[in-house]
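As a plain string of letters, each chain reads:
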Amino acid sequence: MTFEIRDIHKSFAGTEVLKGVSLSLEKGEFIALLGPSGSGKTTLLNIVAGLAHADSGSLVFDGEDITRQPAGQRHFGMVFQSYALFRHMTVAQNIGFGLKVMKGGPSRAEIDRRVAELLEMIELPGLADRFPAQLSGGQRQRVAMARALAIRPRLLLMDEPFSALDAQVRVSLRSEVRALQRRAGVGAIMVTHDRAEADALADRIAIMDQGRIVTIETPEQVA
Ligand SMILES: Nc1ncnc2c1ncn2[C@@H]1O[C@H](COP(=O)(O)OP(=O)(O)OP(=O)(O)O)[C@@H](O)[C@H]1O
Ligand SMILES: [Mg+2]
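Cut-off values and rules
- Residues numbered from 1 in each chain as written.
- Chains lettered and ligands numbered in written order.
- Predicted model: local features only at pLDDT ≥ 70, side-chain atom pairs only at ≥ 80, totals over all residues.
- Heavy atoms only, no water.
- Helix = DSSP H or I, 4+ residues; strand = E, 2+ residues; numbered from the N terminus.
- Buried < 20%, exposed > 50% of the residue type's maximum accessible area, 1.4 Å probe, protein only.
- Areas by Shrake-Rupley, 256 points an atom, 1.4 Å probe, with all protein chains shown as cover.
- Lys, Arg positive; Asp, Glu negative; His and termini not counted.
- Charge placed at Lys NZ, Arg CZ, Asp CG, Glu CD.
- Phe/Tyr/Trp six-rings, centres within 6.5 Å; stacked < 30°, edge-to-face > 60°.
- Lys NZ or Arg CZ within 6 Å of the ring centre and 35° of its normal.
- Pairing = 2+ DSSP bridges.
- Axes fitted to C-alpha atoms, helices over the stretch in contact; angles between N-to-C directions.
- Contact = heavy atoms within 4.5 Å.
- Parallel < 35°, antiparallel > 145°, perpendicular 65-115°, else oblique.
- Left-handed = near helix turned anticlockwise from the far one by under 90°.
- Near = heavy atom within 4 Å.
- Polar contact = N/O pair within 3.5 Å; in protein donor to acceptor, adjacent residues only side chain to side chain.
- Nonpolar A, V, L, I, M, F, W, Y, C, P; charged D, E, K, R; others polar.

Colleague: How should the overall build of the protein be read in this particular structure?
Modeller: Along the protein, the regular secondary structure elements total 7 helices and 10 strands. Summarising its shape, the C-alpha atoms of the protein cover approximately 45 × 45 × 30 Å along the three principal directions. By the burial criterion, 48% of the 223 residues in the protein qualify as buried. Per element, the accessible surface of the protein, about 10,700 Å² overall, is 50% carbon and sulfur. Here the protein holds 27 positive side-chain charges and 26 negative ones, and the gap between their average locations is 5 Å.

Here it is in structure tokens:
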């Protein structure tokens with residue numbers, strides 16, 4: 001797997017918020033996008049996800065130009081700041097949702113099997129029938145992660161996935177997410193404000209400022 005972001009430009013109402021962003025991802029690589037508020041991190045992630053469109057530039061996945069491919073066809077997993085679980089669905093239904101709506105997707109029995117496997121993976125096997133309102137923030141975040149991974153995405157996109165959590169839960173979830181991402185063997189792009197989080201999770205850290213990637217760093221060794 002290789003993924004290339006090539007010279008992306010994006011303006012809102014005449015103000016350029018992405019000024020030629022390029023970045024490439026190797027197989028299984030975890031990249032953090034780190035930078036101050038307003039630097040363009042979410043805009044870039046939304047363009048990668050297909051939720052927004054660039055004014056110019058391109059996205060190339062394994063040699064295929066996906067710049068204009070609709071979000072639903074990209075087969076990317078997404079986790080957002082607000083978890084955005086479906087409130088009226090149980091944990092199991094949330095995790096299975098992407099598989100259920102997939103065109104030519106797996107059978108009911110296969111979905112049940114996958115969901116059970118993911119519940120084991122996030123260590124919440126007893127919570128299949130709970131609703132999101134009956135979970136802690138950390139548990140919801142794990143369900144959101146399992147839901148994103150359920151479709152076996154080609155790329156995992158996360159926008160401040162831990163920001164709603166307190167410091168202690170954050171730290172313990174970080175290592176879980178890293179382990180899940182590794183086990184799934186999937187490349188990941190995570191937006192964060194938090195240098196320590198980027199250091200703990202990423203293989204490389206792309207520092208954004210005012211619509212540009214200004215440097216790419218390797219993480220500080222963390223004990
Ligand atoms: N839909 C929109 N319409 C107009 N301006 C927008 C829109 N979305 C983002 N912007 C502007 O683009 C710039 C970059 O926003 P973006 O959300 O990408 O920043 P960010 O790096 O994710 O910031 P934060 O860390 O606060 O989430 C900001 O100045 C923002 O006000
Ligand atoms: Mg943002």
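Colleague: Please explain the packing of aromatic side chains as it appears in this structure.
Modeller: The way to describe two aromatic rings as a pair is by their centre distance and the angle between their planes. Under the definition given, this model contains 4 aromatic pairs. Feature note: the residues F3, F61 and F76 constitute an aromatic cluster, connected by ring pairs. Here the basic side chain of R147 rests over the ring of F86, its NZ or CZ set 4.8 Å away from the ring centre. One cation-aromatic arrangement involves R154 over F61; the distance from NZ or CZ to the ring centre is 4.1 Å.

Colleague: How should the sheet that holds strand β6 (residues 76-79) be read in this particular structure?
Modeller: Where strands meet in a sheet, backbone hydrogen bonds hold them as pairs that are either parallel or antiparallel. If you trace the 6 strands from one edge of the open sheet to the other, you get β6-β7-β8-β3-β9-β10, paired in mixed fashion. Each of the sheet's edge strands pairs with one partner strand only, and the pair in question is β6 and β10 (212-217). Averaged over all adjacent pairs, the angle separating strand axes in this sheet is 20 degrees, with direction ignored. Along the sheet face, helix α5 (residues 137-150) touches β6 and β7 (155-159) and points at about 165 degrees away from the line of β6.

Colleague: I tried to follow the pairing of strand β9 (residues 204-209) on my own but got confused; where do I start?
Modeller: Consecutive side chains along a regular strand alternate between the two faces of the sheet. Where strand β3 (residues 30-34) lies against β9, 4 bridges are found, and the strand directions are parallel. Residue pairing across strands places A32 opposite I205, the latter belonging to β9. From the end of β9 to the start of β10, which pair antiparallel, there are 2 residues, and Q210 there has a positive phi angle of about 45 degrees.

Colleague: I'm lost on the packing of α5 against helix α6 (residues 167-184) in this one. Help?
Modeller: The description of two helices packed together rests on the angle between their axes and the distance between the axes. At a closest axis distance of 11 Å, the pairing of α5 and α6 adopts a crossing angle of 15 degrees. Viewed along their axes, α5 and α6 adopt a mutual orientation that is roughly parallel. Of the two possible hands of crossing, α5 and α6 adopt the one that is right-handed. Of the residues in α6, those touching α5 at G138, Q141, R142, M145 and L149 are V169, L173, E176, V177, L180 and A184.

Colleague: Just checking my understanding: could you explain the sheet that holds strand β5 (residues 64-65) for this structure?
Modeller: In spatial order, the strands read β2-β1-β4-β5; together these 4 strands make up an open sheet with antiparallel pairing. Taken across any chain shown, the strands that pair with only one partner, and hence form the sheet edges, are β2 (15-25) and β5. Sheet strands touched by helix α1 (residues 41-49): β1 (3-12), β2 and β4 (56-61). Its angle to β1, the strand with the most contacts, is close to 120 degrees.

Colleague: For this particular structure, what's the right way to read the site of ligand 1?
Modeller: In the vicinity of ligand 1, the residues found are F12, V17, P36, S37, G38, S39, G40, K41, T42, T43 and H193. A distance of 2.8 Å separates an oxygen atom of ligand 1 from a polar side-chain atom of T42. The side chain of T43 places a nitrogen or oxygen atom 2.6 Å from an oxygen atom of ligand 1. The fraction of the free accessible surface of ligand 1 (640 Å²) that becomes covered by protein chains is 56%. Per element, the largest residue contribution to the shell around ligand 1 is 3 residues, and it comes from α1. Class assignment of the residues belonging to the shell around ligand 1 gives a composition of 3 nonpolar, 7 polar and 1 charged.

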